[in-house]
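Letter by letter, the chains look like this.
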Amino acid sequence: MYTLFNVKTNRFFRRENEYRNVCEVDTFIEARTFKTRKDAEYMNCMIKGDYIVITMDEAREMNKLM
């Protein structure tokens, strides 16, 4: 499972509303997840911001899983 992580705010991507504002959360569990890395990278291209694609194991290392 993959998700988008904002390197500036140290928060995870949750959703984007109809006004293209991004909603972010603090934990991996609440974040929007993607099955493939390709899907996560595609969403990263569609939204504006400083996001990187990370896995569940990387979130566990950062102590942001729960």
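You'll find the structure just up there.
All values reported here derive from a predicted model rather than from experimental measurement.

A. Layout of the overall build of the chain. Secondary structure assignment for the chain yields two helices and four strands. For the chain, the C-alpha radius of gyration of 11 Å lies close to 11 Å, the compact-globule estimate for 66 residues. Dimensions along the principal axes, computed over C-alpha positions, put the chain at roughly 30 × 25 × 20 Å. Per-residue burial for the chain yields a buried fraction of 29% across its 66 residues. For the chain, contacts bridging at least 24 residues in sequence account for 60% of all contacts bridging at least 6.

B. Fine view of the packing of aromatic side chains. Scanning the entire structure with this criterion turns up three aromatic pairs. Where Phe12 meets Phe28, the ring centres are 6.0 Å apart and the plane angle is 85°; that geometry is what we call edge-to-face. One end of the pair, Phe12, is in strand E2 (residues 11–16); the other, Phe28, is in the loop between strand E3 (22–25) and helix H1 (37–46), with 16 residues separating them in the sequence. Side by side, Phe12 and Phe28 carry an identical accessibility label, which is buried. An aromatic cluster is present here, built from Phe5, Phe12 and Phe28 joined pairwise through their rings.

Reading the values: the criteria
Residues numbered from 1 in each chain as written. Predicted model: local features only at pLDDT ≥ 70, side-chain atom pairs only at ≥ 80, totals over all residues. Heavy atoms only, no water. Helix = DSSP H or I, 4+ residues; strand = E, 2+ residues; numbered from the N terminus. Rg over C-alpha atoms; globule rule 2.2 N^0.38 Å. Buried < 20%, exposed > 50% of the residue type's maximum accessible area, 1.4 Å probe, protein only. Contact = heavy atoms within 4.5 Å. Phe/Tyr/Trp six-rings, centres within 6.5 Å; stacked < 30°, edge-to-face > 60°.

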